[in-house]
Structure formats: C-alpha cells, structure tokens
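Residues per chain are reported as follows:
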Amino acid sequence: MAFRCQRDSYAREFATTVVSCRPAELQTEGSNGKKEVLSGFQVVLEDTLLFPEGGGQPDDHGTIDGVPVLRVTRRGAQADHFTQTPLTPGSEVQVRVDWERRFDHMQQHSGQHLITAVADHLFGLKTTSWELGRLRSVIELDSPSVTTEQVAAIEQSVNEKIRDRLPVNVRELSLDDPEVEQVRGRGLPDDHAGPIRVVTIKGVDSNMCCGTHVSNLSDLQVIKILGTEKGKKNKTNLIFLAGNRVLKWMERSHGTEKALTSLLKCGAEDHVEAVKKLQNSTKLLQKSNLNLLRDLAVHVAHSLRNSPDWGGVVALHRKEGDSEFMNIIANEIGSEETFLFLTVGDEKGAGLFLLAGPAEAVETLGPRLGLDCKCRVAALPPPPEILEL
C-alpha cells in the first residue's frame, strides 16, 4: 500500500497509531563534519505522513506528538521513524510534517519529471539518474554533451507547460496490469511490496515513482536551468531549480549584485570588466612586490654580513615574506659557518621558519623543533625572541 504522504502530498498533519518502538542507533554527520552515532528508537506507525527517503528524494522532517523525527527510511511495506524519545505501542499519535521542506521537495521532484519528459521528447535525451540536493537539483542525462540551444529550448518548453496549468495525477496499478508496460521507469526496488504507483503529467509523461508531487504544474511556479556540467563517463549533468528555490536564488543573486555595485563603484553591467581590471592590477602589483622582496632579501643579507656586530649567528623575523625570501638570505650569507634561524609571517598566526647552519648545531637544535635534516623550511608560529626587521 501507499503511505498517507503518497496518497495526499498536501496533507500537513493526521492521526495514526504506534505499532512498535524498539531501541536503535542512527549514524549522522555532526556540525564539525565528523560522523556521530545517536542512540534512540525506531518507531513504526500504522501509516505515516512523513515520506521515507527513496527514488532520489530525501526524507521528510516532522514530529510525532511533538517528538522530532530525525530520519525516515523505508523497509519493505513499512516506514521506520528514528526518534530520541520512545513512543508507546498502541497509542494514538498526531503526526505533523515540516511543510516548507515537503513542498520544496514536491516542487523539485515534479520539476524533474517534467524536465526529463521534455528533454526526451525534444532531443531524445534520456535521464539515467537524478539527485534532489539541498540547494540545487541535478539530472544525469545519457549524453556526452548538451548544447546551450538545447538547454534554452528545454527551459522554454517546461515553463510553457507550467503556464498551461497541466494537472498531475497519481494512480496505483497492480503488477500484472498491462498498462504497467507502457509506463516509463527505471525498475522497482528489490523489496518493493504492493501496487505500482504511477505519476502522470497530463499529455506529457507517465512514470513509476514513489515520491511526493504537486497536483498541478502551476504549483511549480517556474523552473530555471542553471546550466550543465560534465558528469560520469559519456554523461551530462543538467542543474536546475524549481519554484521557491528560484526566488531564493534570485534574492541571493540580487544581494550579491548590490554588494558588488557598492564595492566596484559601477553598475551591474560593468561588474565583469571591473573585476578583470582589478585582477590585472593585482597581478602587476604581486609581480612588483615579489621583485622588491627579492632585492630586499639580498640587501638584508649583505647588511647583516657587513654589520660591526656580526658574530656568525642570525635570528631574524619579518612579517612580510615567504620561503624564497628566507632562502635568498641563507644563500647570500652561507650556512656552513653561520647559524641561521629565520622566520616570516604574522606573529599572532602561523608562519614559516628556516633553520640552517653547521651540522652539529642543527642536529642539536633541530629535534627540539621537530626537524630531521640539516636545513629545512617548516610551518610553525615564530618564537617571541626573534628580532623584528
């Protein structure tokens, strides 16, 4: 059977009964990017309003009697809800869905069906897989390339169908129904149970699908294809946004445009040219700065050599500099009889240092600094006793 979320994708809450609740663990990604294992419970309901992940669509978020559901997965004909609070089997509970997330997924999934059908109809471009991402969605097309003209034609066609307000219907067919053979699909999962669910965009497409969908293409509002990128071998990824994601994308883009207009002191139409000029100026400045730094390194080395306080030991720090700056000083002074400890970088952050000199001295001090060779540049904060240049 289909879940309540599949029978009515627009339902936001409903009552059902807890069938079972057993201890379980959930592997998730923490805020630091590391894997974390959460202890909790796997809850099974008689029916569910929360879509379990599948068919390229992520799971719904929501609550059961106010208890947050962290993950919903499908297991055969039932859905497992992971919570960190136990729920009593046999009790009646109220299930609520995170509607903003649900409707976003409905828009992206129905948008994918529409784009897939149009790309196939116009150019014979077959969809091999798709991904509903957090910020953008990707359709993998079975073609090594897709032209700009093809992308523009697909985008124009799908938006025309949205404006035509074409209905989207969901039906359930039995496995032995002859109509199943006429329906597009990429096969059923091994643990599929019950009837086959078919999503039809009137006059455009019929496709086997388990996901949640809009009931009319007008609910998609608009589709924007952002472009294509090279996919797996002989595949092309088509990147798109549907519905509210297009509005959010426009809002972010407009904010960026306003910020650049203020920083570059020119209109949006001149942003690219202004950035190119800044890049060219930066390259010239970097080249000039590098030449000056090299000349300064030679001058510093000679000044140290000719100083009346010269004693064969050099401890020196410079905030602006790099490994080449230190190497030039070392080469100009020579390290066979001179002990060098040179550092560059911000005193409050990480930097680079170079230790060089007579083998005996470096072998004695090197291990204390984590070095295992006679002369090496390493990344460490500079010691406080270094002389400032």
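Owing to the predicted nature of the structure, the values given are computational and were not obtained by experimental measurement.

Asker: Mind laying out the sheet that holds strand S6 (residues 78-83), listing which residues take part and the relevant values?
Answerer: Strand order in the open sheet made by the seven strands is S4-S3-S7-S1-S2-S6-S5, with antiparallel pairing throughout. Only two strands of the sheet have a single neighbouring strand rather than two, namely strand S4 (67-69) and strand S5 (71-75). Across the sheet, the mean angle separating the axes of adjacent strands is 35 degrees when strand polarity is ignored. One ladder, built from eleven bridges, connects strand S1 (residues 13-29) with strand S2 (residues 35-45); its direction is antiparallel. Directly across from Glu25, in S2, lies its bridge partner Ser39.

Asker: An account of the sheet that holds strand S10 (residues 168-173) is needed here, citing residue identities and associated values.
Answerer: Strand order in the open sheet made by the three strands is S10-S11-S12, with antiparallel pairing throughout. With one partner strand each, in any of the chains shown, S10 and strand S12 (205-208) form the two edges of the open sheet. Here the strands of the sheet are splayed against their neighbours by 25 degrees on average, with no regard to which way each runs.

Asker: I'd love a proper account of the side chain of Asp80, names of residues and values included.
Answerer: Mapped onto the elements, Asp80 comes out in strand S6. With relative accessibility at 4%, the residue Asp80 sits in the buried group. Among the polar contacts made by the side chain of Asp80, one reaches the side chain of Arg75 at a distance of 2.7 Å. When neighbours within four sequence positions are excluded, Asp80 is seen to be in contact with Gln42, Val43, Val44, Arg71, Val72, Thr73 and Arg75.

Asker: I'd like a description of the state of the cysteines, backed by residues and values.
Answerer: Enumeration over the complete set of coordinates arrives at zero disulfides. We note that Cys5 lacks a disulfide partner, and the nearest cysteine sulfur, in Cys210, lies 9.2 Å from it.

Asker: Before we move on, could you go through the side chain of Asn237 and cite the residues and values that matter?
Answerer: Within the secondary structure layout, Asn237 lies in strand S14 (residues 236-242). In contact with Asn237, not counting residues within four places along its chain, are Val138, Ile139, Glu140, Gly227, Thr228, Glu229, Lys230 and Gly231.

Asker: Any chance you could break down the pattern of salt bridges for me, citing the residues and the numbers?
Answerer: With the rule as written, the count across this model stands at 13 salt bridges. Residue Arg75 is joined to Asp80 by a salt bridge in which the shortest nitrogen-to-oxygen separation is 2.7 Å. Classification of Arg75 as partly exposed rests on a relative accessible area of 40%. For Arg245, the salt bridge goes to Asp104, with nearest N and O atoms at 2.7 Å.

Analysis parameters
- Residue numbering note: each chain is counted from 1, following its sequence as written.
- With the structure being a predicted model, the display of local features is reserved for residues of pLDDT at least 70 and the display and counting of side-chain atom pairs for 80 or more, all residues being used for whole-chain, interface and lining totals.
- Computation of side-chain values covers all heavy atoms of the structure but excludes hydrogens and water.
- Think of it this way: DSSP has to see at least two bridges between two strands before they count as a pair.
- Counting from the N terminus, the helices are DSSP H or I runs at least four residues long and the strands are E runs at least two residues long.
- To get an axis, fit a line to the C-alpha atoms, keeping to the stretch in contact for a helix; angles then go from 0 to 180 degrees between the N-to-C directions.
- Using a 1.4 Å probe on the protein chains alone, a residue whose accessible area is under 20% of its type maximum counts as buried, one over 50% counts as exposed, and one in between counts as partly exposed.
- Think of a polar contact as two N or O atoms within 3.5 Å of one another; within protein, one of them needs to be a possible hydrogen donor and the other a possible acceptor, and neighboring residues in sequence only count if both atoms come from side chains.
- In this description, contact between two residues means that some pair of their heavy atoms is separated by no more than 4.5 Å.
- Two cysteine sulfurs form a disulfide in these notes if their separation is within 2.5 Å.
- By salt bridge we mean one thing: a side-chain nitrogen of Lys or Arg within 4 Å of a carboxyl oxygen of Asp or Glu.

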